[in-house]
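In case you want the letters, here they are:
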Amino acid sequence: MVKHLIDFNDISVERWEKIHKLAVDIKNNPEKYAEECKGKILATLFYEPSTRTMLSFQTAMLRLGGSVIGFDNPSNSSVSKGENLKDTIAIVSSYVDLLVMRHPLEGAAMAASMFSSKPVINAGDGGHLHPTQTLTDLTTIMLEKGKLTGLNIGFCGDLKNGRTVHSLLKAFLRYKGNKFYFISTKKLNIPDYLLEKLKETDNEFVFAETLEECMGDIDVLYMTRIQRERFDSEKEYLKQKGVFILDTEKMEKAKKDLIVLHPLPKVDEIDIEVDDDPRAKYFEQAENGVYVRMALIMTLLSENNEELSYNFSEKRECSNPKCITQTERYLKTVVDEDDREFCKYCNHKLI
Amino acid sequence: MVKHLIDFNDISVERWEKIHKLAVDIKNNPEKYAEECKGKILATLFYEPSTRTMLSFQTAMLRLGGSVIGFDNPSNSSVSKGENLKDTIAIVSSYVDLLVMRHPLEGAAMAASMFSSKPVINAGDGGHLHPTQTLTDLTTIMLEKGKLTGLNIGFCGDLKNGRTVHSLLKAFLRYKGNKFYFISTKKLNIPDYLLEKLKETDNEFVFAETLEECMGDIDVLYMTRIQRERFDSEKEYLKQKGVFILDTEKMEKAKKDLIVLHPLPKVDEIDIEVDDDPRAKYFEQAENGVYVRMALIMTLLSENNEELSYNFSEKRECSNPKCITQTERYLKTVVDEDDREFCKYCNHKLI
Amino acid sequence: MVKHLIDFNDISVERWEKIHKLAVDIKNNPEKYAEECKGKILATLFYEPSTRTMLSFQTAMLRLGGSVIGFDNPSNSSVSKGENLKDTIAIVSSYVDLLVMRHPLEGAAMAASMFSSKPVINAGDGGHLHPTQTLTDLTTIMLEKGKLTGLNIGFCGDLKNGRTVHSLLKAFLRYKGNKFYFISTKKLNIPDYLLEKLKETDNEFVFAETLEECMGDIDVLYMTRIQRERFDSEKEYLKQKGVFILDTEKMEKAKKDLIVLHPLPKVDEIDIEVDDDPRAKYFEQAENGVYVRMALIMTLLSENNEELSYNFSEKRECSNPKCITQTERYLKTVVDEDDREFCKYCNHKLI
């Protein structure tokens, strides 16, 4: 296994299955693991607030008998004194055994991993990646359905901008025999590059303009929100929003063994009465996130990890204004080995 | 015992005495309890800052060998992303073993308890309730005086708006043979409904316009502050404020075994020289708050707790603009079983 | 040993050596000390943010098996409700076993220590003192050089205003046979009173206007930053700044066994490529800070400490507008016993 968890794809299928099994065993026998990380310290470096994710990681470490330091208030951190990311990571990684990092810029976690003497877990780098959410989503589907193939999986909401949707879909590219239902407006649908990949991997997919038309077919419904400002106009918003809101009426048309997931927090895209439907699994999903993170922490702390090497480029630079390389100017360009036109930090085009 | 601690009156006299005895034993033998909550996690959810109360709960949990997660900065929490209270509580209660909640709206802790799978302790809901302060106050009086009857108890300051005063006075309604001295301006005196209750329970009370006139009679003096803006005018403030400030001169007129309490923080209502008087017990009172909270945490975690049921109403709603039902609109009206005209969340009139 | 650590000079040379040896043993055998502070609680009271220092103390306490409470956000603390320092310290010190305090006003830690029932460690009081930084600096030099005498020690940057420089230099007054190189602009050089003390203690010193001219002579280079606004003009800044920036070119002229230190955070005063030079020891220095703080915590918690007494004065007061006595008006003037013209809190002139 690679030393850090920056991108879900850093984890092979075999490795993922091992983490999944460990997470399930932790869920069933938490007391077995209560001292696994005794004496170990986790740093939670949150350069932007994300209370839910931070509490989940803190709970995971405490449930393993470890302890936690960190910050969640960027204006209160040394960052405000102009220190670069490299120095912060170099020093904090000398204090602790493991780092979890949330940052508003894309590629920040990868940059951090290059300067860290301890494993780094990406807890969200801008709109780019959030691999422990994907781990949690897959674990919940596996727990509830017993398989990751042969499923009808609906994705509803803003599929164009949804980081968790893209990440989960990419993870599913490793499996076959699933059929995807993309439920959204035309303008907010899945990006073409992901559709291309689905075609390459022999996966089926269809588009739907309302939740209603496919509720009866779906085994797994992954809900996300469409922000009001994403619609073409306020008029369009008022006309359309209802078709993407899950309510008890729509739930009546669904399979008895449907499961409804949501990365949370949710606002109004799921009617509050759906919470009481036993098919609503998003709170269990959040709870599973703790077990998954416990399994991940144990795995990263226990293995002999290999050092990574990078393909640096001195001639090219990233075109993405939200890439970490734009503000931390000492970072060298790293070329993505899979496609040498792309930046390894943020997966945008190099120029 | 009921599952949560929302209102001091949730605790029967017998139960209170048990918690009191446990608190005293913890105070005398802290090492006996150092591992009582090993492996347990407390969440401190502070939707408004209250450093003192938060540190007291955190200390209590750590002294029992448990650990703590939480937030104290509402703008940094998921709340700012529009998540409702129900979801936050559902998820956090799946992470931890016990929740402590502070919230600016009245009834928020009760609302939280309805969606929590783990015990909830109310650490202040607006100006409404703060039951662990009352537990602390009673415990300190009991420790210092050995009884809760036959005492002359003075309350000084803003008795109209003082949440801790009202709550402590309600607790004393369970006991007899005490005489209360209400030391305040006419406009800031004890509300009529509390005076009515005192009469019903055969308790004596008198009014005083200065501290001085009753210093010699009092066994327990409970000090609070009158905020400058509560006086009729700046002129009135300057003229009157002195009579409600406790200083060494007034202490000279007091009994040798008087005890002075204050919920803290204090500002200028007690002269700093009084701190050195052995009869000033407010710092001990704050310290006792830790032992009381330890006893409460142990009690809530160890007992088989019953589920609560509620009298919902679909026809009525609360009239109080500061009630949690006004912002969390999915909350159903709950009728107070003792007086069906009142809201169970915040104890204001229903309409 | 005195009960608290307010000023580095509170620690005798013998005591310092004992702490140093303990820190080295902790560094080499951390597992030996993993339960040293089990059941103990440290409070980190940060009245102004200093993430690095706070994380360092928290790590130290956790690595000893203890736990931590505290605040790092003054606007969120009880302070904002107008509570005085005395009350906060009286109460928090009844909760915990040890206090670490950072405060924007000079003398605040000493004031805190007067009201604390537990040891207080000064983690920075305005621009005045920061003794654990000095402990860390000395420990790193001792670890790397094996001695604190017979060294050529360069101080570069803003030597007029640099708290860490003054404090380290004062600590070196206890040793002999060192030669100091002060590398700065004329306006930002070492204050005269420190030069006087150097002369009194038979220490050698020289001035340099560029790093370059003394790079070849120095054994220890202590870098600090000159803030842009400290230069006479923007023109002067642009002309001069380069001579005080350490880069690989200047490193080439240095001794093979030079060590470069920096209190961190650094901004641009050290070129980022120097980080990779094995002579750059500032990250190790930060790591050593944890071991030093562990040794200090153990020492303060384990010893029978004597109570301090103070020389109060009712006639005089401090002239320093940044002294804690200016805002906490109940504080009595304390006369420095070494020089009765000076305030013991902040070391400024009394009036």
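Keep in mind the model is a prediction, meaning the values are calculated, not measured. (Residues numbered from 1 in each chain as written. Chains lettered and ligands numbered in written order. Predicted model: local features only at pLDDT ≥ 70, side-chain atom pairs only at ≥ 80, totals over all residues. Heavy atoms only, no water.)

## What to know about the relation of the copies chain C and chain B
Next, step 1: After a rotation of 120° and a shift along the axis of 0.0 Å, chain C superposes on chain B with an RMSD of 0.0 Å. Viewed as a symmetry operation, the transformation between the two copies matches a three-fold axis.
Next, step 2: An overlap of only 4% is found between the interface residues of chain C and their copies at the interface of chain B, pointing to separate contact surfaces. (Least-squares fit on C-alpha atoms with pLDDT ≥ 70 in both. Contact = heavy atoms within 4.5 Å.)

## Overview of the domain arrangement of chain A
Residue and element names in this part refer to chain A.
Next, step 1: Taken domain by domain, chain A consists of domain 1 (8-130 + 288-302) and domain 2 (132-286).
Next, step 2: Centre-to-centre separation of domain 1 and domain 2, based on C-alpha positions: 27 Å.
Next, step 3: Counting residues at the interface gives 27 residues for domain 1, matched by 21 residues for domain 2.
Next, step 4: Buried surface at the junction of domain 1 and domain 2, summed over both partners, amounts to about 2200 Å²; 58% is from carbon and sulfur atoms.
Next, step 5: The interface formed by domain 1 and domain 2 holds zero salt bridges in total.
Next, step 6: Scanning the region where domain 1 abuts domain 2 turns up eleven residue pairs in polar contact (both at pLDDT 80 or more).
Next, step 7: Contributing elements (two or more residues each) for the side of domain 1 that touches domain 2: α1 (13-28), α2 (51-63), β4 (120-125) and α10 (282-302).
Next, step 8: Grouping the constituent residues of the side of domain 1 that touches domain 2 by class yields twelve nonpolar, ten polar and five charged. (Domains from an automatic or database assignment. Buried area = accessible area lost by both parts, 1.4 Å probe. Salt bridge = Lys/Arg side-chain N within 4 Å of Asp/Glu carboxyl O. Polar contact = N/O pair within 3.5 Å; in protein donor to acceptor, adjacent residues only side chain to side chain. Helix = DSSP H or I, 4+ residues; strand = E, 2+ residues; numbered from the N terminus. Nonpolar A, V, L, I, M, F, W, Y, C, P; charged D, E, K, R; others polar.)

## With respect to the sheet that holds strand β1 (residues 41-46) of chain A
Residues and elements named next belong to chain A.
Next, step 1: Across the sheet, which stays open at both edges, the four strands sit in the order β2-β1-β3-β4 with parallel pairing between neighbours. Each end of this open sheet is capped by a strand with a single partner; those strands are β2 (67-71) and β4. Taking the axes of each pair of neighbouring strands and ignoring which way they run, one obtains an average angle of 15° across the sheet.
Next, step 2: With five bridges joining them, β1 and β2 adopt parallel strand pairing. Looking at β2, one finds that I41 is bridged to S67.
Next, step 3: Against the sheet, helix α3 (residues 85-95) engages β1 and β3 (98-103), with an angle of about 155° to β3. (Pairing = 2+ DSSP bridges. Axes fitted to C-alpha atoms, helices over the stretch in contact; angles between N-to-C directions.)

## Observations concerning the interface of chain A and chain B
Next, step 1: At the interface, 24 residues of chain A touch 27 residues of chain B.
Next, step 2: Across the chain A to chain B interface the summed buried area is about 2200 Å²; carbon plus sulfur atoms make up 53%.
Next, step 3: When the buried surface of chain A facing chain B is broken down by residue, A:R52, A:L55 and A:R63 rank first, second and third, together holding 25% of it.
Next, step 4: Viewed at the interface, chain B and chain A are joined by five salt bridges.
Next, step 5: Viewed at the interface, chain B and chain A are joined by seven residue pairs in polar contact (both at pLDDT 80 or more).
Next, step 6: For the side of chain A that touches chain B, the secondary structure elements donating two or more residues are α2 and α10 of chain A.
Next, step 7: Take the side of chain A that touches chain B: its biggest share by element is eight residues, from α2(A).

## Overview of the interface of chain C and chain B
Next, step 1: Tallying the contact residues gives 27 residues for chain C and 24 residues for chain B.
Next, step 2: Of the roughly 2200 Å² buried between chain C and chain B, counting both surfaces, carbon and sulfur atoms make up 53%.
Next, step 3: For C:D97, the salt bridge is made with B:R63, and the minimal N-O distance between the two is 3.1 Å.
Next, step 4: Taken together, chain C and chain B are joined by seven residue pairs in polar contact (both at pLDDT 80 or more).
Next, step 5: Elements that contribute at least two residues to the side of chain C that touches chain B include exactly β2 (67-71) and α3 (85-95) of chain C.
Next, step 6: It is α3(C) that contributes the most residues to the side of chain C that touches chain B, eight residues altogether.
Next, step 7: Its residues placed into classes, the side of chain C that touches chain B shows ten nonpolar, eleven polar and six charged.

## Thoughts on the side chain of B:S113
Next, step 1: Residue position: B:S113 is located in helix α4 (residues 108-115).
Next, step 2: With sequence-adjacent residues up to four places away left out, B:S113 is seen in contact with B:H4, B:I6, B:V120 and B:Y310.

## Description of the relation of the copies chain A and chain B
Next, step 1: Superposing chain A onto chain B takes a rotation of 120° plus a shift of 0.0 Å along the axis, which leaves an RMSD of 0.0 Å.
Next, step 2: Taken as a fraction of all interface residues of chain A, those also at the interface in chain B reach only 4%, which identifies the copy contact as different-surface.

## Here's the deal with the sheet that holds strand β8 (residues 220-223) of chain A
All names here are of chain A.
Next, step 1: Pairing in this open sheet of five strands is parallel, and the strands run β7-β6-β5-β8-β9 from one edge to the other. Of all strands in the sheet, those bounded by a partner on one side alone are β7 (204-208) and β9 (259-261). Neighbour to neighbour, the strand axes of the sheet diverge by 20° on average, direction disregarded.
Next, step 2: Across five bridges, strand β5 (residues 152-156) lies against strand β6 (residues 179-183) in parallel orientation. Residue G154 lies in a different strand from β6, and its bridge partner there is Y181.
Next, step 3: Sitting on the sheet, helix α5 (residues 131-145) touches β8 and β9, and the angle it makes with β9 is about 170°.

## A closer look at the pattern of salt bridges
Next, step 1: The full count for this structure, using the stated rule, is 58 salt bridges over all chains.
Next, step 2: A salt bridge links C:D277 to C:R279; the shortest N-O distance between them is 2.9 Å.
Next, step 3: Judged by its relative accessible area of 15%, C:R279 is buried.
Next, step 4: Linked through salt bridges whose partners overlap, the residues forming this network are A:K86, A:D87, C:K266 and C:D275. (Buried < 20%, exposed > 50% of the residue type's maximum accessible area, 1.4 Å probe, protein only.)

## As for the side chain of A:T44
Next, step 1: Along the chain, A:T44 turns up in strand β1.
Next, step 2: Sequence-distant contacts of A:T44, defined by excluding residues within four places in its chain, comprise A:M54, A:Q58, A:V68, A:I69, A:G70, A:F71 and A:V100.

## Focus: unusual backbone geometry
Next, step 1: For the bond from A:L264 to A:P265, the omega torsion is 0°, close enough to zero to count as cis.
Next, step 2: Look at B:L264: it is not a glycine, yet its phi comes out positive at around 60°.
Next, step 3: Residue placement: B:L264 occurs in the loop between β9 (259-261) and α10 (282-302).

## Some details on the environment of A:T139
Next, step 1: For A:T139, the location among the structural elements is in helix α5.
Next, step 2: With 118 residues separating them in the primary sequence, A:T139 and A:K21 have C-alpha atoms 9.0 Å apart.

## Examining the packing of aromatic side chains
Next, step 1: Inspection of the entire model under this criterion finds 40 aromatic pairs over all chains.
Next, step 2: With a centroid separation of 6.1 Å and an interplanar angle of 50°, the aromatic rings of B:Y310 and B:F312 are classed as tilted.
Next, step 3: By relative accessible area, B:Y310 is classed as partly exposed at 21%.
Next, step 4: Through pairs of rings, three or more aromatic residues link up here, namely A:F155, A:F172, A:Y175, A:F180, A:F182, A:F205, A:F207 and A:Y222.
Next, step 5: Geometry around B:F312 places B:K332 over its ring, the cationic atom sitting 5.3 Å from the centre. (Phe/Tyr/Trp six-rings, centres within 6.5 Å; stacked < 30°, edge-to-face > 60°. Lys NZ or Arg CZ within 6 Å of the ring centre and 35° of its normal.)

## A closer look at the pairing of strand β3 (residues 98-103) of chain C
All names here are of chain C.
Next, step 1: By the criterion of burial, β3 is predominantly enclosed, with six of the six residues buried.
Next, step 2: Every second residue of β3 is oriented toward a common face, with L98, V100 and R102 on one face and L99, M101 and H103 on the other, all of them buried.
Next, step 3: Pairing of strand β1 (residues 41-46) with β3 involves five bridges; the strand directions are parallel. In the strand pairing of β3, A43 is matched with L99.
Next, step 4: Relative to strand β4 (residues 120-125), β3 runs parallel, the two being bridged by four bridges. In the sheet register, M101 faces β4, and the bridge partner there is N122.

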